[in-house]
Amino acid sequence: HRDIWDLRWIKQKGTRINLDFVRSKISDYGIQDYPARLDTRLNDTHEIIHSDSFKSEMSRFVTMDAQARTIKTDKFLDFLSTEIQEILKEVQAKI
């Protein structure tokens, strides 16, 4: 779950996707069916981000003030879901 949060955070900082790094990680982990897994993750993103599990995990790292503006509002969770889907779609299109 923190990876989802971190992806948005690094995008906010202006970091671009490093496809060589992504390919290297796919190889390091020996993932054979990455395109299918990525497609599954794209389809599950909204559900994951809106889950109690995600909110619970993130509440350990996000201040109470920030929680009120982020993980405790559907508007932010919808925004985060859209942002993560855009990142994943960019990777999908380039891999």
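Before any of the text, the structure's been laid out above.
Because the structure is a prediction, the values reported are computed rather than measured.

Enquirer: For this particular structure, what's the right way to read the overall build of the protein chain?
Expert: When helices and strands are tallied, the protein chain shows six helices and zero strands. Overall, the protein chain is about 40 × 25 × 20 Å in size when its C-alpha atoms are taken along their principal axes. Relative to all contacts within the protein chain whose residues are 6 or more apart in sequence, the contacts with residues 24 or more apart total 79%. A total accessible area of about 6,700 Å² is found for the protein chain, and carbon and sulfur atoms account for 48% of it. Looking at the protein chain, you have 16 positive and 16 negative side-chain charges, and the mean spots of the two groups are 5 Å apart.

Enquirer: Which parts of the structure should I look at to understand the packing of aromatic side chains?
Expert: Geometrically, a pair of aromatic rings is defined through the distance of the ring centres and the angle of the planes. Applying the stated criterion across every chain yields a total of two aromatic pairs. When the ring of Trp-5 is compared with that of Phe-76, the centres are 5.8 Å apart and the planes differ by 50°; the resulting orientation is tilted. Of the two residues, Trp-5 is situated in helix 1 (residues 2-12) and Phe-76 in helix 6 (residues 74-94); the sequence distance between them amounts to 71 residues. Taking the relative accessible area as the measure of exposure, Phe-76 reaches 17% and is therefore buried. Note on Phe-76 and Phe-79: the rings are 5.9 Å apart at their centroids and 50° apart in plane angle, and the pair reads as tilted. Of this pair, Phe-76 and Phe-79 are both found in helix 6, three residues apart, which corresponds to roughly one turn of the helix. Taking the relative accessible area as the measure of exposure, Phe-79 reaches 34% and is therefore partly exposed. Aromatic rings pair up to connect Trp-5, Phe-76 and Phe-79 into one cluster.

What counts and how
Residues numbered from 1 in each chain as written. Predicted model: local features only at pLDDT ≥ 70, side-chain atom pairs only at ≥ 80, totals over all residues. Heavy atoms only, no water. Helix = DSSP H or I, 4+ residues; strand = E, 2+ residues; numbered from the N terminus. Contact = heavy atoms within 4.5 Å. Areas by Shrake-Rupley, 256 points an atom, 1.4 Å probe, with all protein chains shown as cover. Lys, Arg positive; Asp, Glu negative; His and termini not counted. Charge placed at Lys NZ, Arg CZ, Asp CG, Glu CD. Phe/Tyr/Trp six-rings, centres within 6.5 Å; stacked < 30°, edge-to-face > 60°. Buried < 20%, exposed > 50% of the residue type's maximum accessible area, 1.4 Å probe, protein only.

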